[in-house]
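# Examining the three-dimensional arrangement
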Amino acid sequence: MTRHKVAPCQMASAVVKPKGRLLRWSAAALIMTVGLSAVGSVAFSQNAPSLPASRQAASIPALPSTNSSPLPFRYLRFGKAALPAPKPGERVMLTLESPGHSLKLTRGQLLALPTMRYTTEQPQLHRTFTYEGVPLRDLARLGGFVGKDLRVYASNGFMTVIRASDYLSTPMMLAYVAGGKPISVLDKGPLTVVLPPDATQFPARLYSRYWVWYAVKISPAP
């Protein structure tokens with residue numbers, strides 16, 4: 001009797017598994033595949049570098065406040081009793097806008113407001129500056145919307161929301177001086193939001209969107 005050799009592929013096709021077991025194996029394989037995909041996506045999101053503020057979407061929800069011990073407000077100058085009139089030909093640098101009211105401020109008027117100074121690192125430039133500017137708390141008070149979340153707009157169309165619990169309890173400022181000079185465009189000027197040097201309280205990966213440069217308008221968030 002002649003024996004015929006059976007090819008390995010034929011042998012494999014000849015092995016028939018019970019239908020129920022095949023279904024269980026297929027389901028297990030699917031669960032393992034989905035699980036590995038999810039682990040991979042989490043690992044990527046944790047290791048991905050944070051985007052600069054100018055690249056982040058303006059619709060990102062406001063971050064929950066992590067303030068545990070508010071930083072003190074140490075003023076360099078308390079500001080003048082009355083806001084001076086703008087000089088002839090002086091251009092508007094910042095608008096404080098709320099429903100039914102708009103206040104346009106020149107550089108000279110900003111200099112007349114309460115001023116603070118501190119040294120901190122600009123997270124996008126990775127350079128350290130000694131900044132001077134107006135606390136956001138005082139700008140919100142001047143605009144008539146202190147205690148409300150702030151919308152800060154940049155000239156390039158970017159907008160972000162800064163929580164009231166953050167700017168009221170910590171000395172965030174709208175800076176107009178860096179290193180004793182007006183802030184250049186290359187250094188994110190002429191107006192830029194600056195956060196205190198507290199990497200634990202304001203980690204750059206979470207608060208980079210607060211560092212709005214080319215700032216031109218502040219209004220209360222709805």
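All figures in this text were calculated on a predicted structure; none of them were measured in a lab.

So, how was this worked out
- Residues numbered from 1 in each chain as written.
- Predicted model: local features only at pLDDT ≥ 70, side-chain atom pairs only at ≥ 80, totals over all residues.
- Heavy atoms only, no water.
- Salt bridge = Lys/Arg side-chain N within 4 Å of Asp/Glu carboxyl O.
- Helix = DSSP H or I, 4+ residues; strand = E, 2+ residues; numbered from the N terminus.
- Buried < 20%, exposed > 50% of the residue type's maximum accessible area, 1.4 Å probe, protein only.
- Core = buried A, V, L, I, M, F, W, Y, C linked by side-chain atoms within 4.5 Å.
- Contact = heavy atoms within 4.5 Å.
- Pairing = 2+ DSSP bridges.
- Axes fitted to C-alpha atoms, helices over the stretch in contact; angles between N-to-C directions.

## Focus on the pattern of salt bridges
Within the structure shown, the criterion is met by four salt bridges. For Glu-132, the salt bridge goes to Arg-117, with nearest N and O atoms at 2.9 Å. Separated by 15 residues along the polypeptide, Glu-132 in strand 5 (residues 127–135) and Arg-117 in strand 4 (residues 115–122) bring together distant segments of the chain. Two residues, Asp-187 and Arg-127, come together in a salt bridge whose shortest N-O distance is 2.9 Å. Separated by 60 residues along the polypeptide, Asp-187 in the loop between strand 9 (181–182) and strand 10 (192–194) and Arg-127 in strand 5 bring together distant segments of the chain. Overall, Asp-187 belongs to the buried group, its relative accessible area being 17%. According to the relative accessible area criterion, Arg-127 is partly exposed, its value standing at 39%.

## Points about the nonpolar core
Membership of the largest hydrophobic core comes to 43 residues, with the highest contact counts inside it found for Leu-94, Leu-110, Leu-136, Leu-139 and Ile-218. At six residues, strand 8 (residues 173–178) tops the list of elements feeding residues into this core. Not counting residues up to four positions away in its chain, the partners in contact with Leu-139 are Leu-94, Leu-96, Leu-105, Leu-110, Leu-113, Val-134, Leu-174 and Ile-218.

## Focus: the pairing of strand 4
Sheet topology places strand 1 (residues 75–77) next to strand 4; two bridges connect them, and they run antiparallel. Bridging from a neighbouring strand, Tyr-75 pairs with Met-116 of strand 4. Here seven bridges tie strand 4 to strand 5, and the two strands are oriented antiparallel to one another. Counted as the bridge partner of Thr-119 is Thr-130 from strand 5. Connecting strand 4 to the antiparallel partner strand 5 that follows it, the hairpin turn spans four residues, and His-126 within it adopts a positive phi of roughly 55°.

## Considering unusual backbone geometry
With omega at 5°, the peptide bond leading from Gly-189 into Pro-190 counts as cis. The residue Pro-190 is located in the loop between strand 9 and strand 10 in this model. Despite not being glycine, His-126 has its phi angle at roughly 55°, a positive value. Inspection of the secondary structure assignment puts His-126 in the loop between strand 4 and strand 5. The residue Tyr-214 is not glycine, and still its phi comes out positive at about 55°.

## Some words on the sheet that holds strand 6 (residues 150–154)
Read across the open sheet, the five strands follow the order 3-2-11-6-7; overall the sheet is mixed. The open sheet has two free edges, formed respectively by strand 3 (101–106) and strand 7 (159–162), since each of these has just one partner strand. Averaged over neighbouring strand pairs, the angle between their axes works out to 20° when direction is ignored. Judged from the five bridges that link them, strand 6 and strand 11 (residues 215–220) form a sheet pairing that is antiparallel. Bridge pairing in strand 11 places Tyr-153 opposite Lys-217. Lying on the sheet, helix 4 (residues 136–143) is in contact with strand 2 (92–98), strand 3, strand 6, strand 7 and strand 11; it crosses strand 2 at an angle near 60°.

## Quick word on the pairing of strand 2
Taking burial as the measure, the seven residues of strand 2 include five buried ones, the bulk of the element. Where strand 2 lies against strand 3, six bridges are found, and the strand directions are antiparallel. Residue pairing for strand 3: Leu-94 is matched across the bridge by Leu-105. Connecting strand 2 to the antiparallel partner strand 3 that follows it, the hairpin turn spans two residues, and Gly-100 within it adopts a positive phi of roughly 80°. Where strand 2 and strand 11 come together, two bridges link them in parallel fashion. Within strand 11, the position partnered with Thr-95 by the bridge is Lys-217.

Any functional reading would require information beyond the geometric quantities listed.
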